[in-house]
Amino acid sequence: MVLLLFVDLDPELKALDALGGFFVLRTGVPPRGPLPTLASACADPRSGRPAEVYGDLLTFRVRKVAQSIRAPEARVAASVAQQGLAARFWSVALGAAALCGRLPDLDPELLFWDPDASAPDDLWLREVRFRPVGDLDAVVRAGLLVPLGAALRSRHRVAPALLWGNAASALAGTVRQLDRWALVHGRPDVGERARALAGGLLAHPDLAGTLDPVTLRRRSCCLYYRVPGGGVCGDCCFDRPPRPAPRGT
C-alpha cells in the first residue's frame, strides 16, 4: 500500500508558494487596480469587447518582451512570451495536483494577468474553485494554451508546432522543478505524481512527439537563439545556433 501525503491546498492557494515563483497564484482582486483576464487577452480585437487600457493585450505583451530581450522580430518575442505563460499555467496546475491532489479551476474568465509585469507572469485568480485532477488537460491545454496559441498566431507569424514545442518544454521544466523540490524536501511522492500526470498530458496529439521520449529534448526550436547573445536552450533541437541561410536560398 502506498501512503500519499498531500499538503492541504487552502482557499488562498498559499501552499503553492513553497514550490517557487512560477508556482505562485494570487487570489482575489489585485490591489493596484483591475487587471485584464486571459479571456480578454485572447479575444479577437474585433470581437466588440471593451477596449483595454493597454490596447491589444497580446500585442502589448509581445512588444514589451521584444524590448526586454532585444528580439530582432516579433515572432521571436511572441514565442518567448507564450513559453513564459505556458510555464506559469503548467506550474500552478501541475504543482497543485502533485503536491495537494487538487486542481484550481483556471477558467480564463476568472484568471487575471498583468501584461506589463516582468517574468514570471503575474497571475491572479478571482474566485477559487476546484476541479478533479483528471481535468488537467482540459484546464491547461484546452482551456488556456489552445486559445492563447490561436490568438498569437492571428497576430504573429508563429507556427503551431513551435508553440506546442514550447508548451511541452515548459511542462517538462515544471516536472524537473517539482522533482528537485521533492528531493530536497523528502517528498518523492510529489515527483512521482508529477511525472505520471505529465506523461498523460504529453500523450495528447497536440503534444505527442514534441519531445524526445528518453531525453525530453524538444524537436522544435523556440527561436531564442535569434536574440542577441541568446544561444540555444538546454533542451533545444539544435546543438549550436543555426547560421542564417544565404541570401536567395
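Up top is the structure these notes are about.
Here's a quick rundown of the structure. (Residues numbered from 1 in each chain as written. Predicted model: local features only at pLDDT ≥ 70, side-chain atom pairs only at ≥ 80, totals over all residues. Heavy atoms only, no water.)

Regarding its fold elements, the chain presents 6 helices and 5 strands. In the chain, the order of α-helices and β-strands from amino to carboxyl end is β-α-α-α-β-β-β-β-α-α-α. When contacts within the chain are restricted to residue pairs at least 6 apart in sequence, long-range pairs at least 24 apart make up 68% of them. Total accessible area computed for the chain in this model is approximately 12,200 Å², and 56% of it derives from carbon and sulfur atoms. (Helix = DSSP H or I, 4+ residues; strand = E, 2+ residues; numbered from the N terminus. Contact = heavy atoms within 4.5 Å. Areas by Shrake-Rupley, 256 points an atom, 1.4 Å probe, with all protein chains shown as cover.)

As a further point, take helix α3 (residues 74-100). Between its first and last C-alpha atoms α3 spans 38 Å; for 27 residues at 1.5 Å apiece the expected length is 39 Å, and the two agree. Taking burial as the measure, the 27 residues of α3 include 23 buried ones, the bulk of the element. Looking at the residues trailing α3, positive phi occurs at G101, about 70°. (Expected span 1.5 Å × (residues − 1). Buried < 20%, exposed > 50% of the residue type's maximum accessible area, 1.4 Å probe, protein only.)

For the structure on display, the rule yields 1 aromatic pair. Judged by centre distance (6.1 Å) and plane angle (80°), the ring pair of Y225 and F238 falls under edge-to-face. Here the residue Y225 occupies a position in the segment after α6 (188-202), and F238 occupies one in the segment after α6, the gap between them amounting to 13 residues. A relative accessible area of 19% places Y225 in the buried class. Judged by relative accessible area, F238 falls into the partly exposed class, the value being 32%. The ring of F130 carries the charged tip of R102 above its face, separated from the ring centre by 3.6 Å. (Phe/Tyr/Trp six-rings, centres within 6.5 Å; stacked < 30°, edge-to-face > 60°. Lys NZ or Arg CZ within 6 Å of the ring centre and 35° of its normal.)

Looking now at the sheet that holds strand β3 (residues 111-114). Strand order in the open sheet made by the 3 strands is β1-β4-β3, with mixed pairing throughout. Strands with a single pairing partner mark the edges of an open sheet, and in this sheet they are β1 (26-27) and β3. Of the strand pairs in this sheet, β1 and strand β4 (residues 122-125) are connected by 2 bridges, and their pairing is parallel. Residue pairing for β4: R26 is matched across the bridge by W124. (Pairing = 2+ DSSP bridges.)

All right, on to the environment of R193 then. As for its placement among the helices and strands, R193 is situated in helix α6. Residue classification places R193 among the buried positions, given a relative accessible area of 13%. Considered as a pair, R193 and V175 are 18 residues apart in the sequence and their alpha carbons are 9.5 Å apart.

Counted under the stated rule, the structure contains 0 disulfides. Sulfur of C221: no disulfide; nearest cysteine sulfur belongs to C236 and is 4.0 Å away. Assessed through its relative accessible area of 11%, C221 is described here as buried. Unpaired in this structure, C237 has its nearest cysteine sulfur neighbour in C236, at a distance of 4.4 Å. (Disulfide = S-S within 2.5 Å.)

As a further point, take the pairing of β3. What you see with β3 is no split at all: L111 and W113 on one side and F112 and D114 on the other are buried throughout. Pairing of β3 with β4, which is carried by 4 bridges, proceeds in the antiparallel orientation. If you follow W113 over to β4, its bridge partner there is L123.

Within the secondary structure, S91 sits in helix α3. Its relative accessible area of 3% is what places S91 among the buried residues. There is a polar contact of 2.6 Å between the side chain of S91 and the backbone oxygen of A87. If we ignore the near neighbours within four places in the chain, the residues touching S91 are F22, F23, A96 and T174. (Polar contact = N/O pair within 3.5 Å; in protein donor to acceptor, adjacent residues only side chain to side chain.)

This paragraph deals with the pattern of salt bridges. Note that side chains of opposite charge can pair when their charged atoms are close. Under the definition given, this model contains 18 salt bridges. Measuring nitrogen to oxygen at the nearest pair gives 3.2 Å for the salt bridge that ties R131 to D135. Given a relative accessible area of 29%, R131 falls into the partly exposed group. Taking the relative accessible area as the measure of exposure, D135 reaches 23% and is therefore partly exposed. A salt bridge links D212 to R219; its shortest N-O distance comes to 4.0 Å. By relative accessible area, which is 24% here, D212 ends up partly exposed. It is possible to trace a salt-bridge network through shared partners that takes in D105, D107, E127, R129, R131 and D135. (Salt bridge = Lys/Arg side-chain N within 4 Å of Asp/Glu carboxyl O.)

Note that every value here comes from positions in space, so none of it alone points to a role or purpose.
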